[in-house]
Amino acid sequence: MHFLGIDWVGVNAENGRKLVLSLMFIAVVVGGGMGLRALVGLVLTRTDHATLQTKFWTRQGISLVTAVLLVLGLLSIWFNDPARLATAFGLLSAGLAFALQQVVTSLAGYFVILRGSTFTVGDRITMGGVRGDVLRLGFIQTTIMEMGQPPSVQGASPAMWVRSRQFTGRIVTVSNAQIFSEPVFNYTRDFPFIWEEMAIPITYEADRLRVEAIMLAAAHRHALDATAMAADAKASLHERFGVDPLDLEPRVFFRITDNWLELTVRFILGTHQIRGAKDAMSREILAGLDDAGIGIASATYDIVGLPPVELAGRRRGRTSAVAAPNAAE
């Protein structure tokens, strides 16, 4: 094409027609996708978990179909010759493999997450060092509402000030490529319950049976009732993972240490109920121990004796003290 006295390379009537057709095609496909997503939002107006899941995956499917249509349509418009398409595809693949490794890996991670049912929106997971609830699953990144970390890892970077399973207020994006290099912990996907423990140290002179009864009573009152657990959840746990679901009742375990007797109560709870239940149990156990006159043990040191000190005399105006040898030595 000759314009302004310059012969523009690659610009001709055919390419101009393809450009206009491409812009029209992009406008139609993108507009149609936005309209369908808006329609889904109007139809699915309920806020329960099942409806939110359906709304998310419907919109995700629309976005995926839109992306596929755009790629196929643009390739069909610009590379109607199969030989040219194969050449262009080879060059594009080589360029992507070199320059966009992380992007390609993240996109592959997205399909692995979908195919392997690794997690979905609403699941509580730990991924890439971040623990929280999944807000959004994108083609490249996963968005997580961050939760606090236990004290053992609070000093890690970034800084954490919430020490339990409650939201910090930070929204974190994690690359989908993390599933290929680090484990993903899912708290809710296949079995939406989790076992928890509370340990209380007492002295060896304390009434350990009374303490055990207090801890069991609190666990039975605030932990999940094993008989009320969904039958399909029990069957899934047993059939898919070979875990025997019979040991669901609260139980207290004893452990002997050098300083005290440690009693640990083990119980099961829903994933999103843990901190509230442990708070109520702690208050009830403390009240029960106070009523029984039983204290919680702590590290103590007993001084069993001191060697006698005698004045040996005065030398040069100063008094020196000599400790007599211990008769027991």
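Bear in mind that the values here come from a model prediction, so they are computed numbers and not experimental data.

Draft legend 1. How the structure looks around the packing of aromatic side chains. Applying the stated criterion across every chain, the model contains two aromatic pairs. Between the aromatic rings of Y110 and F111, the centroid separation amounts to 5.3 Å while the plane-to-plane angle is 75°, which identifies the pairing as edge-to-face. Accessibility expressed as a relative area gives 1% for Y110, which makes it buried. A network of ring pairs unites the aromatic residues Y110, F111 and F139 as a single cluster.

Draft legend 2. Region of interest: the sheet that holds strand 10 (residues 261–270). Strand order in the open sheet made by the three strands is 8-10-9, with antiparallel pairing throughout. In this open sheet, the two edge strands, each paired with only one partner strand, are strand 8 (193–202) and strand 9 (251–256). Neighbour-to-neighbour, the strand axes of this sheet turn through a mean angle of 25°, independent of strand direction. Across six bridges, strand 9 lies against strand 10 in antiparallel orientation. Its bridge partner being in strand 10, R255 is matched across the sheet by E262. Taken strand by strand, helix 5 (residues 208–222) contacts strand 8, strand 9 and strand 10, and its axis lies near 10° from that of strand 10. Packing against the sheet, helix 7 (residues 274–292) makes contact with strand 8 and strand 10, and its axis sits at approximately 25° to strand 8.

Draft legend 3. Up close: the pattern of salt bridges. Applying the stated criterion across every chain yields a total of seven salt bridges. With a shortest N-O distance of 2.7 Å, R170 and E146 are connected by a salt bridge. Within this pair, whereas R170 is found in strand 6 (residues 167–175), its partner E146 is found in strand 5 (residues 141–147), the two being separated by 24 residues in sequence. Assessed through its relative accessible area of 27%, R170 is described here as partly exposed.

Draft legend 4. Inspection of the pairing of strand 8 at higher detail. With seven of ten residues buried, strand 8 is to be regarded as a mostly interior element. Pairing between strand 8 and strand 10: ten bridges, direction antiparallel. Paired with P201 across the two strands is E262, which belongs to strand 10.

Draft legend 5. Just helix 7, in detail. Helix length check: helix 7, at 19 residues, gives a terminal C-alpha distance of 27 Å against a target of 27 Å (1.5 Å per residue), a fit within 8%. Within helix 7, the full set of buried residues consists of I274, A277, M281, I285, G288 and L289. Down the axis, helix 7 shows its buried residues gathered within 95° of arc, on one side only. Exposed and oriented more than 90 degrees from the buried face of helix 7 are R283, D290 and D291. In the stretch just after helix 7, G293 is the one whose phi turns positive, near 70°.

Draft legend 6. The environment of N15, seen in detail. Its place among the elements puts N15 in helix 1 (residues 13–43). Along the primary structure N15 and W78 are separated by 63 residues, whereas in three dimensions their C-alpha atoms are 8.3 Å apart.

Draft legend 7. Spotlight on the sheet that holds strand 4 (residues 130–137). Taken together, the five strands give an open sheet; going across it, the order is 6-5-4-3-7, and neighbouring strands pair in antiparallel fashion. Sheet topology places strand 6 and strand 7 (185–186) at the edges, where each strand pairs with a single neighbour. Alignment of strand 3 (residues 124–127) against strand 4, held across four bridges, turns out to be antiparallel. Paired with I125 across the strands is G132, a residue of strand 4.

The rules behind the values
- Residues numbered from 1 in each chain as written.
- Predicted model: local features only at pLDDT ≥ 70, side-chain atom pairs only at ≥ 80, totals over all residues.
- Heavy atoms only, no water.
- Phe/Tyr/Trp six-rings, centres within 6.5 Å; stacked < 30°, edge-to-face > 60°.
- Buried < 20%, exposed > 50% of the residue type's maximum accessible area, 1.4 Å probe, protein only.
- Pairing = 2+ DSSP bridges.
- Helix = DSSP H or I, 4+ residues; strand = E, 2+ residues; numbered from the N terminus.
- Axes fitted to C-alpha atoms, helices over the stretch in contact; angles between N-to-C directions.
- Contact = heavy atoms within 4.5 Å.
- Salt bridge = Lys/Arg side-chain N within 4 Å of Asp/Glu carboxyl O.
- Expected span 1.5 Å × (residues − 1).
- Arc of directions from axis to C-beta.

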